[in-house]
Amino acid sequence: MQIIPKKTASVETHWKKELANTFNDLYELLNFLQIKEKNIPLAYRQRIECLAAESDSENNNIHTFNGKTQNKNTINIQPSQSIINKHNGARKLFPMRVPRPFAALMEKGNWHDPLLQQVIPQNAEFEERVGFVSDPLEEQNGSVEGLIHKYKSRVLIVVKGGCAVNCRYCFRRHFPYQSNQLNKKKYEQILDYIRNDTHINEVILSGGDPLMAKDEHLSWLIHELNQINNIKRIRVHTRLPVVIPSRINDEFISVVSSCSSKLIMVLHINHPNEISDELKSKMDWLKQNNVTLLNQSVLLAGINNNANVLSELSEALFATNILPYYLHLLDPVKGASHFDVNKNDARQIMSELYNTLPGFLVPKLVQELPNRKSKTPIDLGLE
Ligand SMILES: *Cc1c(COP(=O)(O)O)cnc(C)c1O
Ligand code: SF4
């Protein structure tokens, strides 16, 4: 049998097609996952009914779980106007976004699937909790637009607002990306700033997700950074290859191989089920091109807050050529308090990880606090 190589162009359009094809509609996603109404907890079902009533209030139709619509007047749902307004507002603020390749990794029929639970809008997002605020890291007032310089030797560029996936626990869910769109002039300011502070030796491309940017954009930026003498390393913080592995294509590999500084990719993977065969082959490809691969996870209640899941994750990462780097305590962002794991439980999990894994597969448990010179390691009290 003859193997016909895929054309580069079709691969290039592929990830953008995947972006365009993302699930934005709850019903479509639940139908795709074959999740029946009876599998959904009651409180959540009521919320879905509110959303249904709101999304189709114009034509009086309501979506049902088999994908059909029904006239609203024939269903006995009367969500209060205030609830509808709340949901409306929340969805505008942070809509649901789930790429199909990521949805394909979820278990069919399982409402509690750990991948699904990271991305599905939750009733609990409207719960207010003291200390959970919209800008927990106090990042929204930097001096150069698009640049965050918190730690001495490294700066972070907000290359692109927005992500392929919207994670419900995201600490940047309230970030004002609109006012942070970079153009050439703003980039000149950023590059000048980096050139003028020789303490800076590493640039982190972040966002949102920096791989939402076109390869031309990344190529230009990396080229510019390569001209700056003090820059030794470029780091890319991304979740995109996890949710759309085809993002790693020939064009991106050309960008990578044109980079003369050391290149590091820090992936964001929270659960072993997120590691697909396709992701693994893409990571092999990056490794062959001398990219150092690391991972950061967020410790999330109901998703990965147990030592078995996290040690499986570390093993799966290593098998994918990725080393665990950080395990973050949740940033106290408004709307995400239901994902919080308290420090004592986190310590207990960490001590079990040390008893199970070789040291190099144990991520560092850290917290990000405003106005600190680095991430803050959590004292595990294991002495
Ligand atoms: C996390 C972070 C970094 C990188 O910190 P490392 O400990 O080097 O991984 C840099 N800048 C900002 C603003 C950060 O949030
Ligand atoms: S990919 Fe990262 S930045 Fe984007 S929504 Fe998820 S956690 Fe937030």
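Residues numbered from 1 in each chain as written. Chains lettered and ligands numbered in written order. Predicted model: local features only at pLDDT ≥ 70, side-chain atom pairs only at ≥ 80, totals over all residues. Heavy atoms only, no water.

Caption draft 1: Quick peek at the site of ligand 2. Neighbouring residues of ligand 2: Cys163, Val165, Cys167, Cys170, Gly208, Arg239 and His268. Residue composition of the shell around ligand 2, grouped by class: 4 nonpolar, 2 polar and 1 charged. (Near = heavy atom within 4 Å. Nonpolar A, V, L, I, M, F, W, Y, C, P; charged D, E, K, R; others polar.)

Caption draft 2: Focus on the packing of aromatic side chains. Scanning the entire structure with this criterion turns up 5 aromatic pairs. Taking 5.7 Å as the distance between ring centres and 85 degrees as the angle between the ring planes, the aromatic pair formed by Tyr169 and Phe339 counts as edge-to-face. Of this pair, Tyr169 sits in the loop between strand 4 (154-160) and helix 7 (184-196) while Phe339 sits in the loop between strand 9 (323-328) and helix 13 (343-356), placing them 170 residues apart in sequence. Accessibility classification places Tyr169 together with Phe339 in one group, the buried group. Consider the rings of Tyr325 and Tyr326, whose centres lie 4.0 Å apart with planes at 25 degrees: the pair is stacked. (Phe/Tyr/Trp six-rings, centres within 6.5 Å; stacked < 30°, edge-to-face > 60°. Helix = DSSP H or I, 4+ residues; strand = E, 2+ residues; numbered from the N terminus. Buried < 20%, exposed > 50% of the residue type's maximum accessible area, 1.4 Å probe, protein only.)

Caption draft 3: View of the site of ligand 1. Looking at ligand 1, the residues that line it are Ile148, Tyr151, Arg154, Leu156, Ile204, Arg235, Tyr325, Tyr326, Glu368 and Lys375. Between ligand 1 and the protein, one listed contact pairs an oxygen atom with a side-chain N or O atom of Arg154 at 2.6 Å. Here an oxygen atom of ligand 1 and a side-chain polar atom of Glu368 are 2.9 Å apart. Out of a free accessible area of 380 Å², ligand 1 has 94% covered by protein chains. Secondary structure elements with two or more residues in the shell around ligand 1: strand 3 (147-151), strand 4 and strand 9. Among the residues forming the shell around ligand 1, the class breakdown is 6 nonpolar, no polar and 4 charged. (Polar contact = N/O pair within 3.5 Å; in protein donor to acceptor, adjacent residues only side chain to side chain. Areas by Shrake-Rupley, 256 points an atom, 1.4 Å probe, with all protein chains shown as cover.)

Note that every value here comes from positions in space, so none of it alone points to a role or purpose.
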